[in-house]
Amino acid sequence: MGKMNRLNWINFVGILVLNWICTGDDAFAEITHDTGFSSSESYAKTLDKEDPLARFRSKFDIPLSNGQTSIYFNGNSLGIPTKAAQVDMMHEMQDWAKLGVRGHFREKEPWYTYHENFRGPVTEILGAHEDELVFMNSLTVNLHMMMVSFYRPTRTRYKILMEGPVFASDTYAVKTQIEHHGYTSEEALIVVEPRQGEDFIRTEDVAAALEKHGDSIALVMMNAVNYLTGQAINVKAISELSHKQGAYIGIDLAHATGNIPLKLHDWNVDFAAWCSYKYLSGGPGAIGGVFIHERHAKNIKMPRFAGWWGNDPQKRFLIHLEKNFVPVRTADAWQISNPSIFSMVPLKGALAVYQEAGMEAFREKSVKITGYLETLLDEAKLDGVEIVTPRNPDERGCQLSLRFTKEAEKVHKALEKNNVICDFRKPNIVRAAPHPLYNTYHEVWRFVQILKDVLEAEPV
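What counts, and where the lines are drawn
- Residues numbered from 1 in each chain as written.
- Predicted model: local features only at pLDDT ≥ 70, side-chain atom pairs only at ≥ 80, totals over all residues.
- Heavy atoms only, no water.
- Patch = residues over 30% accessible without salt bridge, like charges linked within 9 Å, V, L, I, M, F, W, Y side chains within 5 Å.
- Areas by Shrake-Rupley, 256 points an atom, 1.4 Å probe, with all protein chains shown as cover.
- Salt bridge = Lys/Arg side-chain N within 4 Å of Asp/Glu carboxyl O.
- Helix = DSSP H or I, 4+ residues; strand = E, 2+ residues; numbered from the N terminus.
- Buried < 20%, exposed > 50% of the residue type's maximum accessible area, 1.4 Å probe, protein only.
- Axes fitted to C-alpha atoms, helices over the stretch in contact; angles between N-to-C directions.
- Parallel < 35°, antiparallel > 145°, perpendicular 65-115°, else oblique.
- Left-handed = near helix turned anticlockwise from the far one by under 90°.
- Contact = heavy atoms within 4.5 Å.
- Nonpolar A, V, L, I, M, F, W, Y, C, P; charged D, E, K, R; others polar.
- Core = buried A, V, L, I, M, F, W, Y, C linked by side-chain atoms within 4.5 Å.
- pLDDT = per-residue confidence, 0-100.
- Pairing = 2+ DSSP bridges.

**Student:** Which parts of the structure should I look at to understand a nonpolar patch on the surface?
**Tutor:** On the surface, a nonpolar cluster with roughly 330 Å² of combined accessible area is contributed by M90, M93 and W96. Within the element layout of this structure, W96 appears in helix 3 (residues 83-99). According to the relative accessible area criterion, W96 is partly exposed, its value standing at 48%.

As structure tokens, then:
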């Protein structure tokens, strides 16, 4: 044996010994060399021990299933509450009982300005300035409110471009706005869809549609993350393409806020709207929010529907004297009514956790834990199961959508019987979203084992 071969053999044995020391009895479990992930259970537990965000799990109430702590992979549909949510809600209820109307102007966190407390914590999440943000209404209401300002069709520029397929509510909103202005969807709606045999839209296809219809497009409406496939689009590129053609661009952030890094201000997005009950764990029916780029937010001549809460706060209670609407030069000017306090309270604790963790660390774990799930699913070689979500981490958040050849609903029900709470979308998609703030690597490992067992018991 030559000198080089002996050295290689010694190195090989050394690596095996080191691996055995690190992983114990599972030392010779299969290793995924491309990713560095091991398929052993002990490796998953090691990842959890080394996880810098692991401490945040204890700040959440994990739902039970069949009397046991569930594997909750459904934060992309409805996030789970922080333990602070109940405390904060009880505090507000007690203050309401003690103070009545005086709670609007109490010394600490008065209800009158309560919504302003949330702007700071979401600046990093959205990549926005504080005066560009306001919490109000719900998502689809806010999309309508934004289209009042940003969809102002003319005789020659009247079309809306959007991608498909999208969540039905977006389609309803866009189509009814078009019809409200006297057009039909057939003449005024352009939909960019995935190519034949593909699942994702391509930026070049959006560019081609803009080039073809450019001078007739008034508004581009896109989802930053597609609800079904989990694809994250290139918002920056599409924003530039839209403005090049003279169109406004609005972004639905339902599945993006608190999921992927965003730089709405730097990307020059005109407006965006989001819900707070998914990744942000604001609770069912939680208050939504709006981003309006400062160049529009500061423009008091921008058309909008007005209400007393969008008025200059120094003059709100002078409405019986002041007959004219005086908008503030921030996104607050788009508010119509005072926001619901109780639909904001649970969000307070969740945003505090995000702020403490930081979006950079959140994203780092998101890429890792989603990649780990992807790797284990690939290794499992499950018949009749395909990962629909993009493989490129830059084109997704922490959701993986799995397409089943058949009986996906039956698989979903079987998972639920095994204490896995995830999401099913007809006809054949199961969505699993390991949330970096409260899900663990060991839960990912267990999920794949349970799915394997389910499929073996009842193949798809």
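**Student:** Would you mind going over the packing of helix 5 (residues 139-150) against helix 6 (residues 168-180) with me for this structure?
**Tutor:** Helix-helix packing is described using two parameters, namely the angle between the two axes and the distance between the axes. In contact at an axis separation of 10 Å, helix 5 and helix 6 are set at 30 degrees when each is read in the N-to-C sense. By the angle class used here, helix 5 and helix 6 are roughly parallel. Two packed elements cross with a definite hand, and for helix 5 against helix 6 that hand is right-handed. Of the residues in helix 6, those in contact with T140, L143, H144 and M147 of helix 5 are S169, D170, A173, V174, T176 and Q177. Of the residues contributing to the contact of helix 5 with helix 6, the split by class is four nonpolar, five polar and one charged.

**Student:** I keep staring at the nonpolar core and nothing clicks. Help me out?
**Tutor:** Side chains that are nonpolar tend, in soluble globular proteins, to be buried together. Formed by 62 residues in total, the largest nonpolar core has its most connected members in L126, L161, V220, M222, I251, L253 and L437. With six residues, helix 11 (residues 345-357) is the single largest residue contributor to this core. Apart from the residues within four sequence positions on either side, I251 is in contact with M222, A224, V235, V269, F271, A272 and A273. Among the nonpolar cores identified, the runner-up in size contains 34 residues, and A173, L189, L219 and A297 belong to it.

**Student:** What's the story with unusual backbone geometry in this structure? I'm lost.
**Tutor:** Outside of glycine, negative phi angles account for most residues, and trans bonds account for most peptide bonds. Omega for the peptide link from G164 to P165 comes to -5 degrees, which places this bond in the cis form. By the element assignment, P165 lies in the loop between strand 5 (159-163) and helix 6. Here K426 and P427 are connected by a cis peptide whose omega angle stands at 5 degrees. With respect to the helices and strands, P427 occurs in the loop between strand 14 (423-425) and strand 15 (429-432). At N268, a residue that is not glycine, the phi angle is positive and equals roughly 65 degrees.

**Student:** What am I meant to see in the confidence of the model for the protein chain here?
**Tutor:** Detail in the predicted coordinates should be disregarded across regions flagged by low pLDDT. With 91% of its residues at a pLDDT of 70 or more, the protein chain has an overall mean of 91. Between residues 1-33, whose pLDDT stays under 50, and residues either more than four places distant or in other chains, the model counts 20 contacts.

**Student:** Any chance you could explain the pattern of salt bridges here in plain terms?
**Tutor:** Here the structure, examined in full by the defined rule, presents 22 salt bridges. Among the salt bridges present, the one from E109 reaches K348, with a minimum N-O distance of 2.8 Å. Of the two residues, E109 is situated in the loop between helix 3 and helix 4 (119-126) and K348 in helix 11; the sequence distance between them amounts to 239 residues. Judged by relative accessible area, which is 23%, E109 ranks as partly exposed. Residue classification places K348 among the partly exposed residues on the basis of a relative accessible area of 29%. Where R425 meets D423, a salt bridge forms, and the shortest distance between an N and an O atom there is 2.8 Å. On the basis of relative accessible area, D423 is assigned to the buried category, the value being 8%.

**Student:** It is not clear to me how the pairing of strand 12 (residues 400-404) should be interpreted in this structure. Could you clarify?
**Tutor:** Of all five residues making up strand 12, four are buried, and the element is well covered by its neighbours. Pairing geometry for strand 11 (residues 385-387) and strand 12, over three bridges, is antiparallel. Across the sheet, E386 pairs through a bridge with R403, a residue of strand 12. Of the pairings in the sheet, the one linking strand 12 to strand 15 comprises four bridges and is antiparallel in character. Looking at strand 15, one finds that R403 is bridged to I429.

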